[in-house]
Amino acid sequence: MAQGRGEDIVSEFLDQNPNLVNWVESLRGHCETNKQWEARREFILRNMEIFPTIRPGTPSPSLDRLLSLSMVWANHVFLGCRYPQPVMDKVNEMAEGITVKEAPERKTRDEIMGKTKRPAVSVAADYLVKKTKPNDTDLKAPVKSVGHPAASTLKSGPSPGAPAEHQPFFNRLYKAVAWKLVSAGGYGPNLEHFEIFRSCVESCKASLSCVFVPLKDIPDLPSGRTQREGQVCELRCHTVYMGTGYGRDECAARAMASKEALKVFQGQKVTVKVCRRRFRGRDVEDLVLLDEQPRSQVFPPALSYPFHGDQ
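Below or above, wherever it landed, is the structure these notes cover. The shown structure was predicted, so the numbers you read here are calculated from the model rather than taken from an experiment. (Residues numbered from 1 in each chain as written. Predicted model: local features only at pLDDT ≥ 70, side-chain atom pairs only at ≥ 80, totals over all residues. Heavy atoms only, no water.)

On to unusual backbone geometry, then. Positive phi is not limited to glycine here, since K205 has a value of about 60°. Note that K205 resides in the loop between α9 (193-203) and β2 (207-214). In this structure, T239 takes a positive phi of about 70° despite not being glycine. Note that T239 resides in the loop between β3 (231-237) and β4 (240-247). (Helix = DSSP H or I, 4+ residues; strand = E, 2+ residues; numbered from the N terminus.)

Right, here's the structure in full:
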């Protein structure tokens, strides 16, 4: 309805509601083309009835939510942006009946990747994987909890039922992250990744565990790597590993680890699985949060291991 007959219906609606004309035009972005704005304007007008507390000309959380969803849909249609699946399902449902002629055709991430496997580590943590040897020395890793305190019971390894036990929590966290990213304008490099991730975890009544290790204390770095200053951070929640990041200091490393953890939430779902990792020079079974993408089971060595009794 954003073209042709759609424009006629929008024009007719605004003719019948002239009080909305100036207000709805004030919602247009400075960089939006006519085609983009006409489509997003229709999305807004079609879905105003879903938010009965919206009052034209009056700021409100309902209006902010509707505008955020309209931008998510427009970004997806015109820029090819992808969002967590619950968000995509929501905006596609809200956009039902809207037709955008000659919309750009873009491949999804799944279509681009095809059957190729994606490595399970970030570029920032890649050096931890490339040169890890069986005789890795002991890493003394101070653990810092962020948010609500959480106690960990040290065990010899995760129980067989641990993934199923933790899965409901991470399903809730997945939805919390999805909506938090909508309100933040979508996943991107300029977000406060740690603050966003921490607030989502705390909204689910849990806490993040951040483990820091100085880069200089990590053995067997690639020979060509001259940078040995900085920190490496590992993130866990409910003993489940979620991401590793490197930075010049603890704050930067924590932000990078949070950025990598948030990437896992960009797929259609997240799953807790038992995977093999290296810890203190030996292979151990660890709980890892994964998306649905096919991947090689290669992870950075663990900086902590909450299932090891003599850690």
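Read on, since the account is not over.
For α9, every residue scored as buried is listed here: H193, F194, I196, F197, C200 and V201. In an axial view of α9, the angular spread of the buried residues amounts to 165°, which keeps them on one side of the axis. Where α9 ends, the next residue or the one after it, K205, has phi of about 60°, a positive value. (Buried < 20%, exposed > 50% of the residue type's maximum accessible area, 1.4 Å probe, protein only. Arc of directions from axis to C-beta.)

To continue, consider the packing of aromatic side chains. Applying the stated criterion to the full structure yields 6 aromatic pairs. Arranged with centres 5.8 Å apart and planes meeting at 65°, the rings of F197 and F265 form a pair that is edge-to-face. Of the two residues, F197 is situated in helix α9 and F265 in the loop between α10 (250-264) and β5 (271-279); the sequence distance between them amounts to 68 residues. Judged on exposure class, the residue F197 and its partner F265 are both buried. Each ring, one from Y305 and one from F307, has its centre 5.4 Å from the other, and the planes form 70°; the classification is edge-to-face. In this structure, Y305 and F307 share a single accessibility class: buried. In this structure an aromatic cluster arises from ring pairing among Y174, F197 and F265. Over the face of the ring belonging to F194 we find R254, whose NZ or CZ atom lies 4.0 Å from the ring centre. (Phe/Tyr/Trp six-rings, centres within 6.5 Å; stacked < 30°, edge-to-face > 60°. Lys NZ or Arg CZ within 6 Å of the ring centre and 35° of its normal.)

Attention now goes to the environment of G57. Structurally, G57 can be placed in the loop between α3 (34-47) and α4 (61-79). Counting along the chain gives 37 residues from G57 to L20, while the straight-line C-alpha distance between them is 9.0 Å.

With that settled, consider the packing of helix α5 (residues 85-94) against helix α8 (residues 162-183). Contact geometry for α5 and α8: axes closest at 8 Å, N-to-C directions at 60°. Our classification of the angle between α5 and α8 gives oblique. Here Q85, P86, V87 and K90 of α5 come into contact with α8, specifically with Y174, A178, W179 and V182. Of the residues assigned to the contact of α5 with α8, the class counts are 6 nonpolar, 1 polar and 1 charged. (Axes fitted to C-alpha atoms, helices over the stretch in contact; angles between N-to-C directions. Parallel < 35°, antiparallel > 145°, perpendicular 65-115°, else oblique. Contact = heavy atoms within 4.5 Å. Nonpolar A, V, L, I, M, F, W, Y, C, P; charged D, E, K, R; others polar.)

Right, let's talk about the pairing of β2 for a bit. Counting buried positions along β2 yields 7 of 8 residues, so the element is predominantly enclosed. Of the pairings in the sheet, the one linking β2 to β3 comprises 6 bridges and is antiparallel in character. Counted as the bridge partner of V213 is V232 from β3. (Pairing = 2+ DSSP bridges.)

Counting residues in hydrophobic clusters, the biggest one holds 39 residues, and the most contacted among them are F170, L173, F197, F265 and L289. Secondary-structure elements contributing two or more residues to this core are α8, α9, β2, β3, β4, α10, β5 and β6 (282-290). Considering each element in turn, this core owes the most residues, 8 residues, to α8. Sequence-distant contacts of F197, defined by excluding residues within four places in its chain, comprise L173, V177, L208, L235, M242, S258, A261, L262 and F265. One finds W37, L69, V72 and V77 within the second-largest nonpolar core, a separate group that totals 33 residues. (Core = buried A, V, L, I, M, F, W, Y, C linked by side-chain atoms within 4.5 Å.)

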